[in-house]
Amino acid sequence: MLNGLDAAMARWEVRRLLSGPFDEAGARLSINAGAGGVDAMDWAEMMERMYLRWAEQQGFACKVVDRAAGDEAGIKSSEIEVQGRHAYGYLRGE
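Below is a short write-up of the structure. (Residues numbered from 1 in each chain as written. Predicted model: local features only at pLDDT ≥ 70, side-chain atom pairs only at ≥ 80, totals over all residues. Heavy atoms only, no water.)

**With respect to the sheet that holds strand β3 (residues 75-83)**
Condition: Pairing between strands is defined by DSSP: at least two bridges between the two strands are required. Helix numbers and strand numbers start at the N terminus; a helix is a DSSP run of H or I with at least 4 residues, a strand a run of E with at least 2. To obtain an axis, a line is fitted to C-alpha atoms, over the contacting stretch when the element is a helix, and the angle between two such axes runs from 0 to 180 degrees between their N-to-C directions. Residue contacts follow a heavy-atom distance rule, with two residues in contact if any of their heavy atoms lie within 4.5 Å.
One open sheet holds the 3 strands; their spatial order is β1-β3-β2, and the pairing between them is antiparallel. With one partner strand each, in any of the chains shown, β1 (27-32) and β2 (61-69) form the two edges of the open sheet. Put simply, the sheet's adjacent strands are angled 15 degrees from each other on average, direction ignored. Note: β1 against β3, 6 bridges, orientation antiparallel. For Arg28, the partnering residue across the bridge sits in β3 and is Glu81. Strands β1, β2 and β3 of the sheet are contacted by helix α2 (residues 37-58), whose axis makes an angle of about 15 degrees with β3.

**Examining the packing of aromatic side chains**
In plain terms, the rule: We call Phe, Tyr and Trp rings a pair once their centres come within 6.5 Å, taking the six-membered ring for Trp, and we label the pair stacked below 30 degrees between planes, edge-to-face above 60, and tilted otherwise. Working definition: with a 1.4 Å probe on protein chains only, accessible area under 20% of the residue-type maximum means buried, over 50% means exposed, and in between means partly exposed.
Applying the stated criterion to the full structure yields 3 aromatic pairs. Geometrically, the ring pair formed by Trp54 and Phe60 is tilted, given 5.7 Å between the ring centres and 55 degrees between the ring planes. The exposure class of Trp54 is partly exposed, given its relative accessible area of 25%. Ring geometry for Trp54 versus Tyr90: centroids 6.5 Å apart, planes at 65 degrees, classification edge-to-face. Of this pair, Trp54 sits in helix α2 while Tyr90 sits in helix α3 (residues 87-91), and the two are 36 residues apart along the sequence. On the accessibility criterion, Tyr90 (39% relative accessible area) is partly exposed. Of the aromatic side chains, those joined through ring pairs into one cluster are Trp54, Phe60 and Tyr90.

**Some points on the side chain of Ser78**
Put simply, the rule is: For this analysis, a polar contact is any N or O atom pair within 3.5 Å, provided that within protein one partner can donate a hydrogen and the other can accept it, and provided that sequence-adjacent residues contribute only side-chain to side-chain pairs.
The residue Ser78 is located in strand β3 in this model. Owing to a relative accessible area of 3%, Ser78 belongs among the buried residues under this scheme. Polar side-chain contacts of Ser78 include one of 2.8 Å to the side chain of Glu48. Those residues in contact with Ser78 that lie beyond four places of it in its chain are Leu29, Ser30, Ile31, Glu48, Val64, Asp66 and Arg67.

**A closer look at the pairing of β2**
Inspection of the sheet shows β2 paired to β3 by 8 bridges, in the antiparallel sense. Bridge pairing links Asp66 to Glu79 in β3. Linkage of β2 to β3, two consecutive antiparallel strands, is achieved through a turn of 5 residues, within which Gly74 is found at a positive phi near 70 degrees.

**Let's talk about α2**
Using the following cut-off: Under the convention used throughout, the expected extent of a helix is 1.5 Å for every residue step, that is, one less than its residue count. Directions drawn from the helix axis to the C-beta atoms are what define this arc.
Along its 22 residues, α2 runs 32 Å from first to last C-alpha, staying within 8% of the 32 Å computed at 1.5 Å per residue. Every buried residue of α2 is listed here: Ala40, Met41, Ala44, Glu48, Tyr51 and Ala55. Angularly, the buried residues of α2 cover 100 degrees about the axis, an arc narrow enough to put them on a single face. Seen from the open side of α2, the exposed residues pointing more than 90 degrees away from its buried face are Asp39, Trp43, Arg53, Glu56 and Gln57. Of the surrounding elements, those touching the buried residues of α2 are β1, β2, β3 and α3. Gly59 sits one or two residues past α2 and shows a positive phi near 85 degrees.

Shown next as structure tokens:
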């Protein structure tokens, strides 16, 4: 009985966290290297790769809409469109 209560509580918490007016919609992520030169552009590329892999693992469809490569390494900026149920809800704090 206690396991069933824990599972019901976990489902309730997720529903509560994803109850905003736009939480069921898709999302668009913008990643910008900012100041910091090659290291910042390399970090931005790592972040892009991390979000793309996370979206795949969650079952979301994602597409890189815009991407500006760095001069030596990494990326200057990237814009990713994530489609799927509650994509915005999961990504709104990022």
